[in-house]
Amino acid sequence: MGVGYVEFDDDESCRSGWASVDGGEPFRIEGIGDLETGSRWVLNVKHFTIRKKGLFRIKHVLREDFFRLKPTILKRELGLSKALPAVTVQIISSVYSRVMRLLSERFEDDFFSADYSIPAYLASKLLPPKQFAIPPALGSDLAVAVKESTQENQAPQQMSVPRGASLTSYYFPRSGYSAYLFSNPLPTAENWGRVEVKGGIKKIGFYRGKSIKGTEAWLSKMKGLHESGVAMFLSVNVTSIDAGIAQYAQFGVGANYQRRYASLPEIIYLAEFCQLEVGSGFKCDSKVYSPRCKEVETGSISAGIASEVEWIALSTPVAKKYTPMGAYIRAYDRIACLHAAHEFVSAGLNFGSCGAGKVQLYLSGGQEKEAGELAAKLGMMSPANSFNR
């Protein structure tokens, strides 16, 4: 089964346009009816329009985010925003086709029954059942702790968009970034137990330019547990934060719910610039996970997308159930992105958001050059510079 991409002349009418299958010769179409049913098709059409026109009922038409990376984003990354449509469809269909081939080989699935997105489809298949099991002795409190330790996107404390600024994304090379995330221990959801803090609350962190007494010893102990195969989800209250960092790293900003818990890696990170009150929580075993996409070629953008699909799948809630593994993966991701965001903000650039291996900045004037140079120093990619030639 082939993978095609369609670039309609008008993405609202969805009539005439250019199409290509598996990177083959581009051709003109006069409507959806011209698309062969033996291939699956990604369209340059927003999901809202697909639903409005009832295209979601057509089995061989896919959502724009079926492969996680939408064609609009892929075009920017490949420098195709101003390319001729005939060129665009050939390149993008080639990329998506290779992604499908790599995923099919690694997961032994043709993904024909995946009608939403591949990450969502894989999540229910890859995540071990233990990730969803709640020991009766721990009750619903554990489920709350895991959910509130999970956050996908970090937003600014206060959104301020300079006049004339545009949102630009800088991202870590996907294959290498996935390898980094999977090099860290992840919760196995085995051997659950409660964690009690002596006195009920432990005050740690950073306050008014100084480390709070007892922080270094407590963190040393926690880091030792983290490295020895213990995962934790602890209640946390951020009582103060360094003013300069609050702009882009305020705890919980960007989550869709109030957060009162954090994973151990996030607590260790927050203690660098916040005053924290850490309380009781839960613990389980942890170990390094062996991904299936670890052996794909690291220089290819298709391989990068495939490896990103895997870690996104493993960090995606299933039926609104959050997992310990997902909480940890998202914490590692957000911490890495926030370290990069710190460098951009320190250089006077305007923070937009971060997560999923990228930092978004609001840039104006000649800031694109400065941001691009800094991104290169940080080992990040800039739009139009990621295509593996």
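The structure we're discussing is the one just above.
Residues numbered from 1 in each chain as written. Predicted model: local features only at pLDDT ≥ 70, side-chain atom pairs only at ≥ 80, totals over all residues. Heavy atoms only, no water.

## Side note on the overall build of the protein chain
Regarding its fold elements, the protein chain presents twelve helices and 15 strands. For 389 residues, the compact-globule estimate of 2.2 N^0.38 gives 21 Å, and the C-alpha radius of gyration of the protein chain, at 22 Å, lies within 12% of that figure. Principal axes of the C-alpha set define a box for the protein chain whose edges measure 70 × 50 × 40 Å. In the protein chain, which comprises 389 residues, the proportion classed as buried is 54%. Nonlocal contacts in the protein chain, meaning residues at least 24 apart in sequence, comprise 74% of its contacts between residues at least 6 apart. Each charge sign in the protein chain was given a centre, from 46 positive and 39 negative side chains, and these centres are 6 Å apart. (Helix = DSSP H or I, 4+ residues; strand = E, 2+ residues; numbered from the N terminus. Rg over C-alpha atoms; globule rule 2.2 N^0.38 Å. Buried < 20%, exposed > 50% of the residue type's maximum accessible area, 1.4 Å probe, protein only. Contact = heavy atoms within 4.5 Å. Lys, Arg positive; Asp, Glu negative; His and termini not counted. Charge placed at Lys NZ, Arg CZ, Asp CG, Glu CD.)

## Focus on the pattern of salt bridges
In total, this model carries 14 salt bridges according to the counting rule given. Residue E190 is joined to K130 by a salt bridge in which the shortest nitrogen-to-oxygen separation is 2.6 Å. One end of the pair, E190, is in the loop between β7 (185-187) and β8 (193-195); the other, K130, is in the loop between α4 (118-126) and α5 (139-148), and 60 residues separate them in sequence. Residue classification places K130 among the partly exposed positions, given a relative accessible area of 44%. E308 is the salt-bridge partner of R174, the closest N and O atoms lying 3.2 Å from each other. (Salt bridge = Lys/Arg side-chain N within 4 Å of Asp/Glu carboxyl O.)

## Quick word on the sheet that holds strand β5 (residues 61-62)
In any sheet, the strands associate via hydrogen bonds between backbone groups, in a parallel or an antiparallel arrangement. Sheet architecture is open: five strands sit in the order β3-β2-β1-β4-β5, paired in mixed fashion. Lying at the two open borders of the sheet, with one neighbouring strand each, are β3 (27-29) and β5. Alignment of strand β1 (residues 2-8) against strand β2 (residues 17-21), held across five bridges, turns out to be antiparallel. Paired with E7 across the strands is W18, a residue of β2. Across the sheet, helix α3 (residues 85-107) lies against β1, β2 and β4 (39-43), angled at about 150° from β1, the strand it touches most. (Pairing = 2+ DSSP bridges. Axes fitted to C-alpha atoms, helices over the stretch in contact; angles between N-to-C directions.)

## Quick word on the sheet that holds strand β14 (residues 350-355)
Reading across the sheet, the three strands line up as β6-β15-β14 and stay open at both edges, with antiparallel pairing between neighbours. If you trace the sheet from one side to the other, it starts and ends with β6 (166-171) and β14, each paired once. Put simply, the sheet's adjacent strands are angled 25° from each other on average, direction ignored. Pairing between β6 and strand β15 (residues 358-363): six bridges, direction antiparallel. Bridge pairing in β15 places Y171 opposite K358.

## Brief notes about the nonpolar core
Of all hydrophobic cores here, the largest spans 104 residues; its most connected members are F67, F344 and V359. Sort the elements by how many residues they give to this core and helix α11 (residues 324-346) lands first, with 13 residues. The contacts of F344, once residues within four sequence positions are left out, are Y170, L349, V359, L361, A371, L374, A375, L378 and M380. (Core = buried A, V, L, I, M, F, W, Y, C linked by side-chain atoms within 4.5 Å.)

## Section: unusual backbone geometry
Residues other than glycine seldom take positive phi values, yet D22 does so here, at roughly 55°. Relative to the helices and strands, D22 is located in the loop between β2 and β3. Phi angles above zero are rare outside glycine, and A356 is one such case at about 55°. Residue position: A356 is located in the loop between β14 and β15.

## Points about the packing of aromatic side chains
This structure, assessed with the given rule, holds 14 aromatic pairs. Their ring planes at 35° and their centres at 5.7 Å tell us that Y170 and F344 sit as a pair that is tilted. Pair noted here: Y170 is in strand β6 and F344 is in helix α11, with a separation of 174 residues, a long-range link. Taken together, a centroid distance of 6.1 Å and an interplanar angle of 35° make the contact between Y177 and Y180 tilted. On the criterion of helical spacing, the pair formed by Y177 and Y180 is a turn pair, its members being three residues apart in helix α6 (residues 174-182). With relative accessibility at 6%, the residue Y177 sits in the buried group. Under the relative-accessibility criterion, Y180 is labelled partly exposed at 35%. Among the aromatic residues, those joined into a cluster by ring pairs are F172, Y177, Y180 and W311. The aromatic ring of F112 is capped on one face by K59, whose charged end is 5.5 Å from the ring centroid. (Phe/Tyr/Trp six-rings, centres within 6.5 Å; stacked < 30°, edge-to-face > 60°. Lys NZ or Arg CZ within 6 Å of the ring centre and 35° of its normal.)

## Details of the pairing of β2
For β2, the buried fraction is high: four of the five residues fall into the buried class. Counting the residues that bridge the hairpin from β2 to β3 gives five residues, and of these D22 lies at a positive phi of roughly 55°.

## Description of the environment of C284
Structurally, C284 is set in strand β13 (residues 274-288). For the pair C284 and V230, spaced 54 residues apart in sequence, the C-alpha separation works out to 5.9 Å. Look past the residues within four positions of C284 in its chain and what remains in contact with it is P187, T188, A189, E190, N191, W192, G229, V230 and A231.

## Brief notes about the side chain of D65
By the secondary structure assignment, D65 is in the loop between β5 and α2 (71-77). The class for D65 is buried, based on a relative accessible area of 19%. A polar atom in the side chain of D65 sits 2.9 Å from the side chain of R63. (Polar contact = N/O pair within 3.5 Å; in protein donor to acceptor, adjacent residues only side chain to side chain.)

Keep in mind these numbers describe shape, not what the thing actually does.
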